[in-house]
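Structural characterization, general
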Amino acid sequence: LHPELTPETGDYIRDLDFTEVITNVPGIFYLKDRNGVYIYDNDTMNQDFERDEVRLIRGIDVVGKTDYDLPWKHDADMIRAQDAKVLARGKAITFHEMHRLRDGTPVPYVTVKAPLRNRKGEIIGVIGYICDAGVRCILRRFAPWAQALR
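Remember, it's a predicted structure, so these values are computed and weren't measured experimentally.

**Side note on the overall build of the protein**
The secondary structure content of the protein amounts to 4 helices and 7 strands. Walking the protein from its N terminus toward its C terminus, one meets helices and strands in the order α-α-β-β-β-β-α-β-β-β-α. Split into buried and exposed, the 150 residues of the protein put 33% on the buried side. Looking at the protein as shown, the accessible area adds up to about 9,500 Å², and 57% of this sits on carbon and sulfur atoms.

**Examining the nonpolar core**
Within the largest apolar cluster, 8 residues are counted, these being Ile28, Tyr30, Tyr38, Ile57, Val62, Leu70, Trp72 and Ile79. When neighbours within four sequence positions are excluded, Tyr30 is seen to be in contact with Tyr38, Tyr40, Asp41, Thr111, Lys113, Val126, Ile127, Gly128, Tyr129 and Ile130.

**Some remarks on the packing of aromatic side chains**
How two aromatic rings sit relative to each other is set out by the distance from centre to centre and by the angle between their planes. For the structure shown, the criterion picks out 2 aromatic pairs. For the pair Tyr30 and Tyr38, a centre-to-centre distance of 5.5 Å together with 65° between the ring planes defines the contact as edge-to-face. Each member of the pair, Tyr30 as well as Tyr38, is classed as buried.

**A word on the side chain of Lys32**
With respect to the secondary-structure elements, Lys32 resides in strand β1 (residues 28-33). A polar contact is formed between the side chain of Lys32 and the side chain of Asp67, at a distance of 2.7 Å. Setting aside residues up to four positions removed in sequence, Lys32 forms contacts with Val37, Tyr38, Ile39, Asp67, Ile79, Asp83, Leu116, Ile124, Gly125 and Val126.

**Regarding the pattern of salt bridges**
Between side chains of opposite charge, pairing is possible as soon as their charged atoms come close. Inspection of every chain in the model, using the stated rule, returns 4 salt bridges. Asp67 serves as the salt-bridge partner of Lys32, at 2.7 Å between the closest nitrogen and oxygen. With Lys32 in strand β1 and Asp67 in the loop between β4 (53-57) and α3 (76-89), this pair connects stretches of sequence that are 35 residues apart. Judged on exposure class, the residue Lys32 and its partner Asp67 are both buried. With its nearest N and O atoms 2.6 Å apart, the salt bridge here joins Lys32 to Asp83. One end of the pair, Lys32, is in strand β1; the other, Asp83, is in helix α3, and 51 residues separate them in sequence. For the pair Lys32 and Asp83, a shared accessibility class is recorded, and that class is buried. Within the structure, one salt-bridge network assembled from shared partners comprises Lys32, Asp67, Arg80, Asp83 and Lys113.

**A word on the confidence of the model for the protein**
Looking at the protein, the pLDDT average stands at 76 and 59% of residues meet or exceed 70. By mean pLDDT, the top-scoring element of the protein is α3 (95), and the lowest-scoring one is helix α4 (residues 136-149) (50). Per-residue pLDDT stays below 50 along residues 145-150; that stretch engages in 1 contact with residues further than four places along the chain or on separate chains.

**So, the side chain of Thr111**
The topology assignment puts Thr111 in strand β6 (residues 106-117). Thr111 sits in the buried class, given a relative accessible area of 2%. A distance of 3.4 Å separates polar atoms of two side chains, one belonging to Thr111 and the other to Glu97. Here Thr111 is in contact with Tyr30, Ile93, Thr94, Phe95, Glu97, Tyr129 and Ile130, once residues within four sequence places are set aside.

**Here's the deal with α3**
Between its terminal C-alpha atoms α3 stretches 20 Å, which fits the 20 Å expected from 14 residues at 1.5 Å a residue. Listing the buried residues of α3 in full gives Ala76, Ile79, Gln82, Asp83, Val86 and Leu87. Projected onto a plane normal to the axis of α3, the buried residues spread over an arc of 135° and lie on a single side. More than 90 degrees from the buried face of α3, the exposed residues found are Asp77 and Ala88. At the C-terminal side of α3, Gly90 shows a positive phi close to 70°.

The rules behind the values
- Residues numbered from 1 in each chain as written.
- Predicted model: local features only at pLDDT ≥ 70, side-chain atom pairs only at ≥ 80, totals over all residues.
- Heavy atoms only, no water.
- Helix = DSSP H or I, 4+ residues; strand = E, 2+ residues; numbered from the N terminus.
- Buried < 20%, exposed > 50% of the residue type's maximum accessible area, 1.4 Å probe, protein only.
- Areas by Shrake-Rupley, 256 points an atom, 1.4 Å probe, with all protein chains shown as cover.
- Core = buried A, V, L, I, M, F, W, Y, C linked by side-chain atoms within 4.5 Å.
- Contact = heavy atoms within 4.5 Å.
- Phe/Tyr/Trp six-rings, centres within 6.5 Å; stacked < 30°, edge-to-face > 60°.
- Polar contact = N/O pair within 3.5 Å; in protein donor to acceptor, adjacent residues only side chain to side chain.
- Salt bridge = Lys/Arg side-chain N within 4 Å of Asp/Glu carboxyl O.
- pLDDT = per-residue confidence, 0-100.
- Expected span 1.5 Å × (residues − 1).
- Arc of directions from axis to C-beta.

Below is the structure:
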């Protein structure tokens, strides 16, 4: 923990359930091992560019798979190249990507990837966070709850 934290704040942070925080963050948050196998993925509302629709992808359905096994397999080579770059450099990198819907509408995405390290500081995989470059990421995350309130 950061040395300037008060003892109360340090205790609070130690007691936090970060799984709850990560699960509810808007956007896509995931962890992969060095071989590109997902070891964690939050439940996300994800744009399926092949079907031109937004659909829920459950984290449990992603864990144990690689990008080649998932709906975004057409981008798997690019994604793995980004992962390799992060693993080689050993530091966080921000990637700006442009995807297109079936009707040609551009959708900008921002992906931040960083090395996942064990307690010894060894790189054991990749931490990733993906979000639309606009507010749609947040709106999409909360859309199911908004519809339920209607």
